[in-house]
Amino acid sequence: MKLNDLLTFLHDDSLLSLKNPTISSLEMDSREVKPGSLFICIKGYTVDGHDFAQKAVDQGAVAILAERNLDLDVPVIVVKDTKRSMAVLADIFYGQPTHSMHLIGVTGTNGKTTTTHIIEKIFNEAKKQTGLIGTMYIKIGDEQKEVKNTTPESLTLQKTFAEMKEQNVSHAIMEVSSHALHLGRIHGCDFNVAVFTNLTQDHLDYHKTMEAYKYAKGLLFAQLGNKFDHNDLKIAVLNEDEEASEEFKRMTSAKILTYGIDRPADIKAENIKMTSKGTMFQLVTPVGTRNVTIQMVGKFSVYNVLAAVSASLASSVDLDTIVTAIESMEGVRGRFELVDGGQDYTVIVDYAHTPDSLENVLKTVKQFAEGRIFCIVGCGGDRDKTKRPLMAKIAVTYSDEPVFTSDNPRSEDPQVILQEMEEGVAGNQYTSIISREEAISYAVKKAQKGDVILIAGKGHETYQIIGNKVFDFDDKEIALNAINTLNL
Ligand SMILES: CC(=O)N[C@H]1[C@@H](OP(=O)(O)OP(=O)(O)OC[C@H]2O[C@@H](n3ccc(=O)[nH]c3=O)[C@H](O)[C@@H]2O)O[C@H](CO)[C@@H](O)[C@@H]1O[C@H](C)C(=O)N[C@@H](C)C(=O)N[C@H](CCC(=O)O)C(=O)O
Ligand SMILES: Nc1ncnc2c1ncn2[C@@H]1O[C@H](COP(=O)(O)OP(=O)(O)OP(=O)(O)O)[C@@H](O)[C@H]1O
Ligand SMILES: N[C@H](CCC[C@H](N)C(=O)O)C(=O)O
Ligand SMILES: [Mg+2]
């Protein structure tokens, strides 16, 4: 594509360049630049992409998009906000892929990864070709790619959607983080359905207040089309049991579909019966009622299923297909995942890393535990510090043997993170063991028949970040090793 053909979409003729090279790729990372690239300079939190412009040219960039003039031998297009322009150019360069696919975005503090996977399962049951973007990976059909962010930058997003189109994906499902909404990473994504799970405390290091955090989440609904195009219906799927949904209803002009358990809603779960193996309930929808049994446990899992069912009904999947899919869904890796090493106590690996998710998971464990509950938990470094005493308090409230340990300390001193957790539980009984591996061994050594060990916070992660080093670390594997060497 010619540079000027791209630039016309910035709607400012003065930007058109005298030299009009052919652009073979768009890049925001100099390390990815190839001959023919347009390099986009982004001022980051760590470094300034403008400082890499010369390097990009040396590697073959034929044009630069920047926020200030740079003395280079290739055309430098100066715009006010390169991130915003990048979203526009990416959308055009990759042929506006989301305009011709069914796109579902899921936002909320907890349950995004789980809900997107349930939707994927339903779409697959309906024989749709799916793509998924989220915390665990980018998945196109059965192929998985590693990711750094839950919701990538606009450039990666549009490139991914274009790859999905090439592979005949008709239905894409993605997690939309509050960071992504606030930083405009999803500008240009044409969502058909936007889903809200819930809003509780997280990420206050970034958003500072819950109001600002809620506002960021609300952007997904505010950006969901603003005209009543009856051939291109946009649907906001909202959790009626969540207060924030009232505000999100006012923020969007899209059609609203609600789900809930406690309050009247379009899609409901009634007569819920929980066992340690699964959950039974009556699924009440505008197109029929079905008795269903899902393999996932806890009230929070019912919410995730309701969110996925609502999104799928909003996507015209028939109810019987939906029911078949949710009943056969086994769960998501690292989310309430049972670790079976032949032991006579239960070991669960879960990704609870917020106060609300930890409370929900521990309450669910408490419903079924026959013996004592061990809760191994830590808090991530370089993340919301105010979560730390709250999560520790929840661990001592709902478990018999709270064990505080390290999560991903990142640049912080793990001992200090532990101290900040302990500040929430003065006077209570707990054990602190800085090494996560030792903490797991400690619980495994002490566990007896009927006990439950919940290993919270890292779920599917196969690494631990300490300082700037990434070590192999998989809670499930470590637990299995401990069970095998210590117990059997
Ligand atoms: C705070 C934040 O959002 N940071 C994101 C940001 O990093 P940054 O601002 O530090 O980038 P930077 O390193 O300063 O680089 C600036 C520019 O220089 C470029 N560069 C850099 C080095 C070089 O040699 N050459 C070069 O061109 C970079 O490609 C970039 O364009 O841009 C990066 C590239 O897109 C992101 O990967 C990175 O996410 C980091 C890893 C992160 O931890 N983000 C978290 C806070 C986040 O976004 N989390 C959410 C929610 C998670 C959830 O709850 O599920 C998420 O969506 O992941
Ligand atoms: N609907 C829910 N409400 C509260 N807690 C939940 C819910 N669904 C899942 N959880 C808990 O939150 C943890 C994380 O779930 P999941 O990965 O689906 O959420 P997420 O929103 O994608 O998280 P992240 O923002 O880190 O990507 C689970 O392991 C479970 O403990
Ligand atoms: N997406 C979340 C994941 C947290 C996972 C936890 N293990 C941690 O490292 O804090 C975040 O970046 O806040
Ligand atoms: Mg997620």
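The name given to the chain in an unreviewed UniProt entry is UDP-N-acetylmuramoyl-L-alanyl-D-glutamate--2,6-diaminopimelate ligase, with Metabacillus endolithicus as the source organism. Its UniProt record gives the chain a comment under Function (unreviewed entry), which states: "Catalyzes the addition of meso-diaminopimelic acid to the nucleotide precursor UDP-N-acetylmuramoyl-L-alanyl-D-glutamate (UMAG) in the biosynthesis of bacterial cell-wall peptidoglycan." The chain has a UniProt comment under Cofactor (unreviewed entry) that states "Mg(2+)".

Let's shift gears to the packing of helix α12 (residues 355-368) against helix α13 (residues 387-398). Axis separation between α12 and α13 bottoms out at 9 Å; the angle between their running directions is 5 degrees. For the element pair α12 / α13, the angle class is roughly parallel. Here α12 contributes P355, L358, E359, L362, K363 and K366 to the contact with α13, which in turn contributes K387, L390, M391, I394, A395 and Y398. Taken together, the residues that form the contact of α12 with α13 break down as eight nonpolar, no polar and four charged.

Surrounding the magnesium ion (ligand 4) are the protein donor atoms T113 (OG1), T135 (OG1) and E175 (OE), which sit 2.1 Å from the metal. Along the chain, the residues donating to the magnesium ion (ligand 4) are arranged with the sequence spacing T-x21-T-x39-E. Of this pair, T113 sits in helix α4 (residues 112-125) while T135 sits in the loop between β6 (130-133) and β7 (138-140); the two residues are 22 residues apart in sequence, bridging distant segments of the chain. For the pair T113 and T135, one class covers both residues: buried.

The next point concerns the domain arrangement of the chain. Each assigned domain of the chain is listed here: domain 1 (3-93), domain 2 (97-328) and domain 3 (337-487). Averaged C-alpha coordinates put domain 1 and domain 2 at centres separated by 33 Å. Taken residue by residue, the interface counts ten residues in domain 1 and ten residues in domain 2. A buried area of about 960 Å², summed over both sides, lies between domain 1 and domain 2, and 62% of it is on carbon and sulfur atoms. The largest share of the area that domain 1 buries against domain 2 comes from K83, A87 and D91, three residues that together contribute 45% of it. Our enumeration of links across domain 1 and domain 2 arrives at one salt bridge. E153 serves as the salt-bridge partner of K83, at 3.8 Å between the closest nitrogen and oxygen.

Taken in spatial order, the four strands line up as β1-β2-β3-β4 in an open sheet, and their pairing is parallel. Looking at strand neighbours, the two that pair on one side only are β1 (25-27) and β4 (76-78), the edges of this open sheet. Geometrically, the sheet is characterised by an average inter-axis angle of 20 degrees between neighbouring strands, direction not taken into account.

For the rest of this paragraph, the subject is the side chain of H207. Relative to the elements of secondary structure, H207 occurs in helix α7 (residues 204-207). We classify H207 as buried; its relative accessible area is 6%. Among the polar contacts made by the side chain of H207, one reaches the side chain of S178 at a distance of 2.8 Å. Ignoring sequence-local partners within four residues, the contact set of H207 consists of S178, H179, H182, A212, Y213 and A216.

On to the site of ligand 2, then. Close to ligand 2 lie 21 residues; K112, T114, T135, D350 and H353 are nearest. Take K112: an N or O atom from its side chain is 2.7 Å from an oxygen atom of ligand 2. Between T114 and ligand 2, the recorded distance is 2.6 Å, taken from a side-chain N or O atom to an oxygen atom. Expressed as a share of its isolated accessible area of 630 Å², the protein-covered part of ligand 2 is 95%. Listing elements by their share of the shell around ligand 2, those giving two or more residues are α4, α10 (299-313) and α12. Per element, the largest residue contribution to the shell around ligand 2 is four residues, and it comes from α12. The residue inventory of the shell around ligand 2, partitioned by class, reads four nonpolar, twelve polar and five charged. Residue contributions to the shell around ligand 2 reach at least three from each of two domains, namely domain 2 (97-328) and domain 3 (337-487).

Turning to the site of ligand 1, a few remarks are in order. Around ligand 1, the structure places 23 residues, and the nearest of them are Y45, T46, V47, N149 and S177. A distance of 3.1 Å is found between an oxygen atom of ligand 1 and a side-chain nitrogen or oxygen belonging to E153. In the environment of ligand 1, an oxygen atom lies 2.7 Å from a nitrogen or oxygen atom belonging to the side chain of S177. Residues belonging to the shell around ligand 1 are distributed by class as follows: seven nonpolar, ten polar and six charged. Looking at which domains feed residues into the shell around ligand 1, each of domain 1 (3-93) and domain 2 (97-328) gives three or more.

A few words on the UniProt feature "binding site: ATP" (unreviewed entry) in the chain. Per the UniProt entry, the sites bearing "binding site: ATP" (unreviewed entry) are G108, T109, N110, G111, K112, T113 and T114 in this numbering. Along the chain, G108 falls in the loop between β5 (102-107) and α4. Setting aside residues no more than four positions away along its own chain, G108 makes contact with F196, T197, N198 and K217. Looking at the secondary structure, you find T109 in the loop between β5 and α4. Residues contacting T109, with those up to four places away along its chain left out, are T197, N198, L199, T200, Q201, D202, Y213, K217 and T354.

Bringing the packing of aromatic side chains into the picture now. Considering all chains together, one arrives at five aromatic pairs under this definition. With 4.9 Å between their ring centres and 75 degrees between their planes, F196 and F248 make a pair best called edge-to-face. A residue pair is termed long-range when its members are at least 10 positions apart, and F196 in strand β10 (residues 193-196) and F248 in helix α9 (residues 244-251) qualify at 52 residues. Since its relative accessible area comes to 1%, F248 is described here as buried. Members of the aromatic cluster, each reached through a chain of ring pairs, are F196, F221 and F248. In this structure, K458 packs its charged tip against the face of Y463, placed 5.1 Å from the ring centre.

The next point concerns the environment of A162. Of note, A162 is situated in helix α5 (residues 154-166). On the accessibility criterion, A162 (15% relative accessible area) is buried. In this structure, the C-alpha to C-alpha distance between A162 and Q96, residues 66 residues apart in sequence, is 8.0 Å. Residues in contact with A162, not counting those within four places in the same chain, are Y94 and P97.

Calculation rules
- Sequence order as written defines residue numbering, which begins from 1 separately in each chain.
- Key to labels: chains lettered from A, ligands numbered from 1, both in the order written.
- Where totals are concerned, whole chains, interfaces and linings use all residues; where local detail is concerned, this predicted model gives features only for residues with pLDDT of at least 70, and gives and counts side-chain atom pairs only at 80 or more.
- Computation of side-chain values: all heavy atoms of the structure, hydrogens and water removed.
- UniProt positions are given in the numbering used here, feature names are shortened, and annotations may be inferred rather than shown by experiment.
- Axes here mean lines fitted to C-alpha atoms, for a helix over just the part in contact, with angles spanning 0 to 180 degrees between N-to-C directions.
- Under the scheme used here, helices are H or I runs from DSSP no shorter than 4 residues and strands are E runs no shorter than 2 residues, and both carry numbers assigned from the N terminus.
- Here the angle decides the label: under 35 degrees means roughly parallel, over 145 means roughly antiparallel, 65 to 115 means roughly perpendicular, and every other value means oblique.
- Contacts are residue-level and defined by heavy atoms, with any inter-residue pair within 4.5 Å sufficient.
- Note on residue classes: Ala, Val, Leu, Ile, Met, Phe, Trp, Tyr, Cys and Pro are nonpolar, Asp, Glu, Lys and Arg are charged, and everything else, Gly too, is polar.
- Keep in mind that water is not among the atoms, so a site may look incomplete; donors are the N, O and S atoms within 2.8 Å of the metal, or 3.2 Å for Na, K and Ca.
- Buried means the residue's accessible area, taken with a 1.4 Å probe over protein chains only, is under 20% of the maximum for its type, while exposed means over 50%, and partly exposed covers the values in between.
- What marks off one domain from the next here is an automatic or database domain assignment.
- Throughout, buried area stands for the accessible area (probe radius 1.4 Å) lost by two parts on being put together, summed over both.
- Any carboxyl oxygen of Asp or Glu within 4 Å of a side-chain nitrogen of Lys or Arg constitutes a salt bridge here.
- By definition, two strands form a pair when at least two bridges between them are found by DSSP.
- Two N or O atoms count as a polar contact when they lie within 3.5 Å, although within protein this holds only if one can serve as hydrogen donor and the other as acceptor, and sequence-adjacent residues are included solely when both atoms are side-chain atoms.
- Note on terminology: near, applied to a residue and a molecule or strand, indicates that one of the residue's heavy atoms is within 4 Å of it.
- Only the protein chains shown count as cover for residues, and all accessible areas are computed by the Shrake-Rupley method using a 1.4 Å probe.
- Here a pair means two rings of Phe, Tyr or Trp (six-membered ring of Trp) with centres within 6.5 Å. Their orientation is stacked below 30 degrees between planes, edge-to-face above 60, and tilted elsewhere.
- Throughout this description, the term charge over a ring refers to an Arg CZ or Lys NZ atom that lies within 6 Å of the ring centre and within 35 degrees of the ring normal.

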